[in-house]
Amino acid sequence: MRYIHYFNPGHEMAVLQGQPSYTAPSNVHKMMKELELLPLWYADSQDFVLVDNPEKIKELDRPNEFGPMASPVSAEFILKKGSTLPPATINPWGVSFHSLHMFSNLKKLSGWPLVIPQWNPAYTQLCGRQTAAFCLKRIIEIEPSVGEIAIPVFCNSLEEVYKELKTASFPVICKMPYSSSGRGLLWLDSSELVTSESNWIKGALNKQGTISIEPALNKVQDFAMEFYSNGQGTIEYKGLSLFSTERRGAYSGNILESQQRLKERLSSYLGEELIDAVRDAVKEVLETVYGTQYTGYLGVDMLVYKDKQDKYKIHPCIEVNMRYTMGMLAVHLYERYMASNSAGRFIIDFHKKAGEAQKTHRMLQEKNPLFFEENKLRSGYLSLCPVTENSHYIAYIMASATCS
């Protein structure tokens, strides 16, 4: 099967709006455009990737060792050549009413025989944190060995928020139901709110109607379990991803190692038996909730944390990402491009000032030359998207040999 991929991060807000027209926030729009070639790294060579500017491919330093890659195509190209292109199935990063409508228009105007799934109204509920909270409750019931974990509380008004904070054990995290990658979060250290905190809560309630409140845990390691739903009731486990976040939760990068090594890292805290039990419980719950409603990838964010007795514990469902994820991309990057005796990190950096990203890119490139082994990356710095003087984002692999 041939696919056309499309990078639309932050699609949760588009899902919430549920409208044909959608304008992403400026920071998300910037990421979409600067990192729009990321799907080239997980697409197959016969696939297509929808981009604004296919000429960017000339600026991509993709090593010849990795072989042929998918073809970047613009909407303009599709409108001119669509009737001559082979059939393809759309595969956006995240399914939203907006993305389906966009591809439907391209199909209608170009004559390209695209396979486009129908919008399922259930997606709106399935994308929200309320469904993740329901999944957490069910996972704990199936696998009580994870211990007691507070289920997020949802508040629909400022009065309800104040009432909940009066009895809360601080610190706590307030979350918008539709957000991703560490965005839409507010950390509170006290029930005495300053003006900026009150304004954030009022704004979130105004935009989304509700917010969740849950305890902030003593984090040791962020990680996720990646799955794929075939839409027929079967959920397939795809692997572990260990990632890092900034202090307030924004995603910053993934560890690139074999699945065996990643599991060993987690087992040092939790034990292999618990990890396997949680995987099976999560798979069972996902099959019940998502299995027949949704076709595509699912990433379940989790956490290793220390409890008040200083013991390592697992939070088995921080959130459910109903989309392709950076963690799934990390799994594919390691499997496809990394030599067996290498390890590294997949990193996304943001630079506020124009020019800083390109300066960092050139410095990393100079200090970390690429070395290959049997057409796979053994060590060095590899940028996954072009970096220009106007870039603010860098997405890259930093690899190093682990043994001779």
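Only a predicted model underlies this, so the values are computations on that prediction, with no experimental measurement involved.

Student: Got a minute to help me understand unusual backbone geometry in this structure?
Tutor: For residues that are not glycine, phi is negative in most cases, and the peptide bond is trans in most cases. Residue proline 171 is reached from phenylalanine 170 by a cis peptide bond, and omega for that bond is 5°. Along the chain, proline 171 turns up in the loop between α7 (158-166) and β7 (172-175). Although it is not a glycine, aspartate 310 adopts a positive phi angle of roughly 65°. Inspection of the secondary structure assignment puts aspartate 310 in the loop between β13 (295-306) and β14 (312-321). With a phi angle near 50°, glutamate 374 is a residue other than glycine that sits in the positive phi range.

Student: When you look at helix α11 (residues 326-337) in this model, what are you seeing that I'm missing?
Tutor: One turn of the α-helix equals 3.6 residues, which is why residues spaced by three or four share an orientation. The end-to-end C-alpha separation of α11 is 16 Å, in line with the 16 Å expected for twelve residues at 1.5 Å each. For α11, the set of buried residues is Met326, Gly327, Met328, Leu329, Ala330, Val331, His332, Leu333, Tyr334 and Tyr337.

Student: I tried to follow the packing of helix α9 (residues 259-270) against helix α10 (residues 272-289) on my own but got confused; where do I start?
Tutor: Think of two packed helices as two axes; the pair is described by the angle between the axes and how far apart they sit. Put simply, α9 and α10 touch, their axes get as near as 7 Å, and they point 110° apart. Looking at the two axes, α9 sits roughly perpendicular to α10. Only Glu272, Leu274, Ile275, Asp276 and Arg279 of α10 make contact with α9, whose side of the interface consists of Lys263, Leu266, Ser267 and Leu270. A breakdown of the residues in the contact of α9 with α10 according to their chemical character gives four nonpolar, one polar and four charged.

Student: Please clarify how the sheet that holds β7 should be interpreted in this entry.
Tutor: Each strand in a sheet pairs with its neighbour through backbone hydrogen bonds, running either in the same direction (parallel) or in the opposite one (antiparallel). The antiparallel open sheet is built from four strands, whose spatial order is β6-β9-β7-β8. A single partner strand is all that each edge strand has here, and the edge strands are β6 (153-155) and β8 (185-188). Along the sheet, successive strands turn relative to each other by an average axial angle of 25°, direction set aside. Sheet topology places β6 next to strand β9 (residues 211-215); three bridges connect them, and they run antiparallel. Each residue of the ladder has a partner; that of valine 153, found in β9, is isoleucine 213.

Student: Got a minute to help me understand the nonpolar core in this structure?
Tutor: The tendency in soluble globular proteins is for nonpolar side chains to be buried side by side. Counting 64 residues, the largest nonpolar core has Ile4, Phe103, Phe223, Leu286, Tyr290 and Leu298 as the members making the most contacts within it. Examining the composition of this core, we find that eight residues originate from one element, α10, more than from any other. Not counting residues up to four positions away in its chain, the partners in contact with tyrosine 290 are Leu126, Thr131, Cys135, Ser229, Leu298, Val320 and Met322. Core analysis: the next-biggest nonpolar cluster, separate from the first, contains 40 residues, Leu40, Val331, Leu333 and Ile397 among them.

Student: Is there a simple way to think about the sheet that holds strand β17 (residues 376-383) in this case?
Tutor: Spatially, the nine strands line up as an open sheet ordered β14-β13-β10-β11-β12-β15-β18-β17-β16, and their pairing is antiparallel. Two strands close off the open sheet at either side, each with one partner strand: β14 and β16 (371-373). Sheet twist, expressed as the average angle between the axes of neighbouring strands with direction ignored, equals 30°. Inspection of the sheet shows β16 paired to β17 by three bridges, in the antiparallel sense.

Student: When you look at the layout of surface pockets in this model, what are you seeing that I'm missing?
Tutor: The rolling of a water-molecule-sized probe over the atoms marks out the regions of remaining empty space. There is about 610 Å³ of room inside the second largest pocket. As for the second largest pocket, its lining consists of 28 residues, and the residues nearest its centre are Tyr3, Ile90, Asn91, Tyr228 and Gly296. Of all the secondary structure elements, the ones that give two or more residues to the lining of the second largest pocket are β1 (3-6), β4 (88-92), β13 and α11. Ranked by residues supplied to the lining of the second largest pocket, first place goes to β4 with four residues. Each residue belonging to the lining of the second largest pocket can be placed in one class, and the counts come to 15 nonpolar, nine polar and four charged.

Student: I tried to follow the environment of lysine 58 on my own but got confused; where do I start?
Tutor: By the secondary structure assignment, lysine 58 is in the loop between β2 (48-50) and β3 (71-73). Taking the C-alpha atoms as reference points, lysine 58 and methionine 302, 244 residues apart in sequence, are found 38 Å from one another. Within the structure, lysine 58 has its side chain in polar contact with the side chain of glutamate 55 (distance 2.5 Å).

Student: How should I be thinking about the packing of aromatic side chains in this particular structure?
Tutor: We describe a pair of aromatic rings using the distance from one ring centre to the other and the angle between the two ring planes. Under the definition given, this model contains 20 aromatic pairs. Measuring from centroid to centroid gives 5.3 Å for tryptophan 41 and tyrosine 337, while their planes differ by 75°, and the two rings are edge-to-face. In this pair, tryptophan 41 is assigned in the loop between α2 (26-34) and β2 and tyrosine 337 in helix α11, connecting sequence segments 296 residues apart. Comparing tryptophan 41 with tyrosine 337 shows no difference in burial state: the two are buried. Considering the side-chain rings of tyrosine 123 and tyrosine 294, the 5.9 Å spacing of their centres and the 85° angle between planes classify their relative orientation as edge-to-face. Of this pair, tyrosine 123 sits in helix α5 (residues 122-127) while tyrosine 294 sits in the loop between α10 and β13, and the two are 171 residues apart along the sequence. For tyrosine 294, a relative accessible area of 3% puts it in the buried group. For the cation-ring pair, arginine 62 lies above tryptophan 41, with the distance from its terminal atom to the ring centre recorded as 5.1 Å. Stacked on the ring of tyrosine 237, the Lys or Arg arginine 279 has its end atom at 5.8 Å from the ring centre.

Each value, and the rule that gives it
- Here the residue numbering is sequential within each chain, running from 1 through the sequence in written order.
- Selection of residues for local features in this predicted model requires a pLDDT of at least 70, selection of side-chain atom pairs for listing and counting requires 80 or more, and totals for whole chains, interfaces and linings are taken over all residues.
- In computing side-chain properties, one takes all heavy atoms of the structure into account and sets aside hydrogens as well as water.
- Strands here are runs of E lasting at least two residues and helices are runs of H or I lasting at least four, both read from the DSSP assignment and numbered beginning at the N terminus.
- Here the expected length of a helix is defined as 1.5 Å per residue gap, with one fewer gap than residues.
- Partly exposed residues are those whose accessible area sits between 20% and 50% of the maximum for their type, while under 20% is buried and over 50% is exposed, using a 1.4 Å probe and protein chains only.
- The axes used here are C-alpha line fits, helices contributing only the stretch in contact, and every angle between their N-to-C directions lies in the interval 0 to 180 degrees.
- With respect to orientation, any angle under 35 degrees is reported as roughly parallel, any angle over 145 as roughly antiparallel, any angle of 65 to 115 as roughly perpendicular, and every other angle as oblique.
- We call two residues in contact whenever any of their non-hydrogen atoms come within 4.5 Å of each other.
- The residue classification treats Ala, Val, Leu, Ile, Met, Phe, Trp, Tyr, Cys and Pro as nonpolar and Asp, Glu, Lys and Arg as charged. All others, Gly included, are polar.
- Here, a strand pair is defined by DSSP locating no fewer than two bridges between the strands.
- In plain words, nonpolar cores are sets of buried Ala, Val, Leu, Ile, Met, Phe, Trp, Tyr and Cys residues tied together by side-chain atoms within 4.5 Å.
- Here a cavity means grid points, on a 1 Å grid over the protein atoms only, where a 1.4 Å probe fits yet cannot get out; a pocket means an open set of points with protein on both sides within 12 Å along at least five of seven lines; lining residues are those with an atom within 4 Å of a point.
- Grid points are joined across faces, edges and corners, and a volume is the space filled by probe spheres set on the points.
- In the analysis that follows, any N or O atom pair within 3.5 Å is treated as a polar contact, provided that within protein one partner can donate a hydrogen and the other can accept it, and provided that, for residues neighboring in sequence, both atoms belong to side chains.
- Planes of paired rings set the category: under 30 degrees apart is stacked, over 60 is edge-to-face and the rest tilted, where pairs are Phe, Tyr or Trp rings (Trp by its six-membered ring) whose centres lie within 6.5 Å.
- Counting as a charge over the ring demands two things of the Lys NZ or Arg CZ atom: a distance within 6 Å of the ring centre and an angle within 35 degrees of the ring normal.

These figures come from the coordinates and say nothing about function on their own.
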